Every structure is written in structure tokens, then in C-alpha cells.
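Residue-level structural notes
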Amino acid sequence: MTDRLNAASAASQRVRSPYSNWFYLPAAIIFGTLFLLPTAASLFFSLTRWTLFDYEFIGLANFVQFFQEPFLVKGLINTLIYGVATSGLKVVLGLLIAVLLTSDVVARGYLRSVVFFPVLVSTVGVGITFTVMMHPTQGVINETLHFFGIKGPQWLSDPWLVLLSIAFVDVWKGVGLATVIYMAGIVSIPQDFYEASTIDGATGWQKFWNITLPLVRPATVTVVLLSLIGGLRSFDLIWAMTKGGPGFTSDVLASVVYKQYQAGFYGLSTAGNVVLFVLVGLIAVPLSIFFNRREIAL
Amino acid sequence: MTLRLTRRVTLIGAGALMLSTALVGAAQAETTLTFLVDNADASVAWAQQLVTDFEAKNPDIKISIETRPGGTDGDNIVKTRLATGEMTDIFNYNAGSLFQAINPVQNLVDLNAEPWEADVLDSFKSVVTAPDGHVYGAPFGAAMGGGVLYNKKIYADLGLQVPKDWATFMANSEKVKAAGKTGVIQSFADSWTAQLFVLGDYFNVQAAIPDFAAQYTANKIKIADTPAALRGFQHGKEVFDAGLLNADASAATLDDALRQLATGEGAHYPMLTFAISNIQANYPDNLNDVGFFALPGDKASSNGVTVWMPSAVYIAKTSKHQDEAKKFVAFLASVPGCDAITKANGATGPYLIKGCTLPATVPAGVADLLPYFQSNGTTAPALEFVSPVKGPNLSQITVEVNSGIRSPEDGAALYDEDVKKQAQQLGLPGW
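Residues numbered from 1 in each chain as written. Chains lettered and ligands numbered in written order. Predicted model: local features only at pLDDT ≥ 70, side-chain atom pairs only at ≥ 80, totals over all residues.

**Some points on the sheet that holds strand β10 (residues 311-315) of chain B**
Residues and elements named next belong to chain B. Pairing within the open sheet is mixed, and its 5 strands lie in the order β2-β1-β3-β10-β4. At either margin of the open sheet sits one strand with a lone partner, and together these are β2 (61-68) and β4 (138-140). Going from strand to strand, the sheet's axes swing by 30° on average, the running direction of each strand aside. Both β4 and β10 contribute to a ladder of 3 bridges, which runs antiparallel. (Pairing = 2+ DSSP bridges. Helix = DSSP H or I, 4+ residues; strand = E, 2+ residues; numbered from the N terminus. Axes fitted to C-alpha atoms, helices over the stretch in contact; angles between N-to-C directions.)

Here you go:
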């Protein structure tokens, strides 16, 4: 026993783990085959014209082609609009609902579960349901409007409205999560602040503006980050509701790339994914550094 | 060896199928083949009836049917399964330009030497012929016309005549609208249906420019710069601008549109004639209210129909039961094969196998289609069967043009860009 210990320390002065490096192997194999290898392969295939059956090396032509795609600019703008709109609405609505649901409202527990319920439903199911409800002539929304003598718009086929309609559904589905995060934030604010301000004669609005809002900032950061990233990479709801249509009016980056895969332009769409990877990195990394710094400051 | 023997015997005797069954089948134990078809109602019904009839004659072969989605999702599945060697023994897939994109020489079993090839019409063989000059598929279904399905009752009530030129078509539609019904039905929720004004107009394009397809394949002609080719895009816009569309055009599906047409809510629906089988299945009482005419062009003197070939059935090279699979394809390409298809879903158009006949009574729409085939110079194959160049985004572009979001000229220019990618992907010269 002592011999072996002595031998080990004599063999190396370095600090050594008592475990062999071979223990890394299973994880390395899984990481390598499922992550590194496909990443390297996709970098390679993004430089080729690829039919799945064979490929031809064409250098950077795919990237040139991708940036010339007429739908790319539209998709980029739509992605940004969608990300900002859903994220903004979730912050505002989530906070308001959370304030309501942390007050002494009737049937609070029931209301809390009602608000959270849409989060649990399948996105595609929600998309299909709302597509039916937003049908221009037979949908329940426009039939209701018609009952009051209003001619409802073409929710999902008016090119100016379609993206906002989908964003609305996204907010309806996702606001529950924002609410829960905000409720946790509000509940963790010490009651002393409110009591002290009540003694000083503060109104409800003043309490909200000067106590609640500043002190739920960590929750706001979380909600903004989560919903912005979710909005930027959104695909499933849009695909379920309009497939990017009518025409290309509700296309986002992910659906542009997906359509290129469908069309069989495998090299081009792989190049698109490489671009998407870089873009999301460019947005997400500075954001997370910025917010992390703020969190330390707080 | 068996193959050549079978072929010689067939040449001598008439009953090709029975003999080859007797020669090869008797010696074998039971085999199960897999058959991948698209999930359209008609395709599944045809496949089931074909399999039932085939199994009755070949008790030693069982076939199990799998389904896949149609459209671009289906393209992806077929390509992926072929590339990974996971394809079923037999499968159906488009003929023409999409067939060229699945690399037939590398992935499919060469059917050039099959005895039944002599019975397949040349017009179909040409759309399943690979670059090596060999034939790789057999027709799955009947030829279709692309044009306008119309409601005969509305036409009778309003005393309208079948239009031979575009101006009359528009005038008819206006009269229908004035009578309180939908002039032209569109169904943009199934975006592929929006392409008919463009694709169905190809008879008129090739009437004006006979070598359009060759020039188009060689990248010597652009749609946006060619007035005759641009007309299809403009037609969609004209119909929209005239306010002839159904109120729910943007959200209607193919089924919605066929309901409106069959029940007389609307008069015209640009569509392929295969949809008549949907009407037969869902609105049998209205089947004979629906007629068909070719999409009219500028001149009444030149009026003919753009023809779509049916999809084809192919055998994957990875199949371990190629001999049995060939027997099924031989059955498909025989008179009993056509009869099985008729039995499954009624007649939808002329078959592409010699000797196949249609029943004495066919739906009114099909009866309207047949005369185009019986005279000379009144049919032309759709562009996708005479040129491998077909862009993937035409359906979205036509939805935008037909619903007034984009101008026809802009849409055509966008489509010219779109086909460039496809041509480059296929490695065509001149792109």
C-alpha cells in the first residue's frame, strides 16, 4: 500500500487525479459523435452543392447565394419583429397579471393555474386551434365580431397582420411562464417596504412604481432573455399556423432554412444554418455578458 | 437468366403476368414487400386495391403499404430514405423534374428490359427516363388535365358557354359574380393549388413559343421577359383585382374549394382533374355537376389542355426482393392494374397503358377531358415533364401574386431566380 503511494508520488510531481483519464472516454465519444463530428461535417457540407447522394465542392458560393436570397431580408426583419414583440408583450402582460395574482384576488389559486395552463399545451395543437379560430369567415373570432356588426380582418392572410396574429398566440401561450417568474420575484420582495410606504401614505401606484418594479428587475432580466431567445428561434408555432405564408410574409430565419431543406438544397441550407449559428451567437453572447454584469451590480 | 426467359415467353404468349407468375412464383416461399405511397386519398385507395388484386393472383407475395406526406415534406422523406438505404422495396414518386432529382441511375432498379415496357405509352416513358436513356418506372394512375373545373349547373342556369379564350372566361366569371356566387374559387391554405394559373397555362405558352422548354432548360429564356409565359402570372392577378375570389380564399383548403364548387357556391376552380375523384368520394350526388375545360389563352383559335402525367412506381436498388417487386410493377402496368385503379376510385382520365379502357360511364369532368386527347394538337405536357427545371417556391410566389401581395412581373422575376438554384443543384449546363 505505502509502496504504491510512494511510487505514484515519485513518478510525477504534478497534481494528478486519482482516476484515470480513460474515464473521460465515454463522454468524449458521445460528445464527439453527436456534436463535434456533425458540426465539422456541416461546416464542410456548407461549402458544397450537396444532393445527399453526392456533392461538389463550390467554396463559399452557398454563402453568397444565401445572402442573396430575396426572402432572407424579409425573414430577418420578421424574426426581429417577432422576437421583440413577443418579448415586450410578455414582460408587460406577465408583470401585470403577476401583480394581480399576488394580490388578494378572488379564486387566486384557480386563476393562477388558468394563466399557466397554455404553457403546458402542445405548441402545434395551439397553432392549429388558433388557425381554425382565426378563419376569416367561419372562425369564432370573426363570427363574434360579425355578431356585433364589425367586419373582422383576415388575421392570418393579411400580410401586415399575420405576424402580429401569430405573435399574439405566442404571447397567449407563453405569458404564463413569464407570470410565474414575476410572481416569484414579487413574492420575494420583503413586506417591510410596503408596510413602511403605507405608513408614509404612498398610493398603490407609487408602491408599484417605486417598490415592485425596481425590485423585480432580476425577474425582468430572466423573462426578457428567455422570451427573446425563444422568439428569435421560433419556428414551430409559425409553421403550424401559416407555414411562413401567405407567400413569404410570415417567414422567419428558421422557416427560410427549413424550406431550403425541403426543396433539397442541402448544401445551401446547411450554409444557412451556419449563418444562423453565428447570428444567434452574435446576439446571445453580448446579451448574456451584459445581463450578467448587471446582475453582479445588483 | 430468369428475366430473359420470362421475356421471351411473354413475347410468345399474351398473358404476361400469369406466365411469369407461374415461372418464378411457384418455386418461392412467401415474401413480404413494402410499398411506400403518398397519403392522398386517391393514392392510398389505388394502392390498397392494387395490392388486394395482386395478392389474389400471387398468394406467395404479401405487400404492406406505408404512407408518407405529399408535397415538399414527402420529397424530403423520399430523398432521405433513398440516401440512407432505408427505402421500401417499391414506392411511388413524381415523374418528370422531381424524378430527375432523386438520382435514378444510382438509386433505382433499371426497368428498361421489362417485357411490359412495350405496353407503356411513349409519352409516359419519356418522363421516367433517366439521363442514361433507360426507363425506371411504371405509371401509378391515369393522365390528368390541368385547367378549370366548373359547375355545370351554374353554367346552365346563367346560360353560359364554355370559354375558349381568356376574355370570355373573365366575362363568364363576372356574370357568375353578378348572380351572387363566387366567380373563381381559390384555396391558398393548400398553397400548391395556387400554381394552376401558371402551370396550367403551359399549353398556351408552348403554342406561342414551340421550343420554350428547350430554351428554358438551357437558360436562354426567362419567364419575366417572355410575355407569353408571363400571362399565367397576370391571370391570377386579374382575377384577384376583379374581386372574383371566394371570401375565404386565403384560408380555404382543397377540400373547402371542392365543396364550394360541387355544391354550387362557386363556378370555377383552377385544378387538376384528379380532384374529380375527391368529389366522387365526398359529394357523390354532385359528381356530374362538375365539368372541366382547358385554361383559356388569349386566342380562341388555339385552345388545348396542359397534361400532367401521374406519379410513377419505382423499385429501390436496395430492395432485397427485386424479382417480386418487378412482378408487382408488371401487374401495375397491365390491364388488370388499370382496372384495379378504376375499381378503387373511379376513372379520372386516360390510362397510359396500351389496352386499358375506361368504363362506359365516366364522371362528367372526365368525359370533358377525354376529347382533348382524341384530337391532334390539343394537348401539351406540363413544363415539369419536358424540362427538369422547376423551382421549389412557385406555390408561395403564386399565392402572393394571386392574393395581390406581389405584382405578376415581380413574382415571375422571383421565380426565375428560384429555378436557378434548382438548375445548379442538378448540374445543368448553362446555369
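**A short note on the environment of Leu145 of chain A**
Residue and element names in this part refer to chain A. Tracing the backbone shows Leu145 in helix α7 (residues 140-147). In this structure, the C-alpha to C-alpha distance between Leu145 and Thr198, residues 53 residues apart in sequence, is 44 Å. If we skip the residues at most four places from it in the chain, Leu145 touches Ile150 and Gly152. (Contact = placed C-beta atoms within 7 Å.)

**Observations concerning the interface of chain B and chain A**
Taken together, the 29 residues of chain B in the interface contact 23 residues of chain A. At 7 residues, helix α4 (residues 71-83) of chain B tops the list of elements feeding residues into the side of chain B that touches chain A. Of the residues contributing to the side of chain B that touches chain A, the split by class is 10 nonpolar, 11 polar and 8 charged. (Nonpolar A, V, L, I, M, F, W, Y, C, P; charged D, E, K, R; others polar.)

**So, the domain arrangement of chain B**
Residues and elements named next belong to chain B. Looking at chain B, the domain boundaries give domain 1 (2-142 + 309-345) and domain 2 (144-307 + 367-426). Between the C-alpha centres of domain 1 and domain 2 there is a distance of 31 Å. The interface is formed by 13 residues belonging to domain 1 together with 16 residues belonging to domain 2. Mapped by element, the contributors of at least two residues to the side of domain 1 that touches domain 2 are α3 (41-57), α4 and α5 (97-100). Of the residues belonging to the side of domain 1 that touches domain 2, the class tally is 6 nonpolar, 6 polar and 1 charged. (Domains from an automatic or database assignment.)

**What to know about the environment of Gln322 of chain B**
All names here are of chain B. Residue placement: Gln322 occurs in helix α16 (residues 322-332). Take Gln322: there are 16 C-beta atoms within 10 Å of it, and that puts it in the partly exposed class. Sequence spacing of Gln322 and Gly96 is 226 residues, and the spatial spacing of their C-alpha atoms is 23 Å. Setting aside residues up to four positions removed in sequence, Gln322 forms contacts with Val109 and Ile315. (Buried ≥ 20, exposed ≤ 12 C-beta atoms within 10 Å, placed from the backbone.)

**Observations regarding the pairing of strand β3 (residues 90-93) of chain B**
Residue and element names in this part refer to chain B. Burial of the side chains of β3 extends over both faces: Ile90 and Asn92 are buried on one face and Phe91 and Tyr93 on the other. As paired elements, strand β1 (residues 31-38) and β3 share 2 bridges and run parallel to each other. Bridging from a neighbouring strand, Leu36 pairs with Phe91 of β3.

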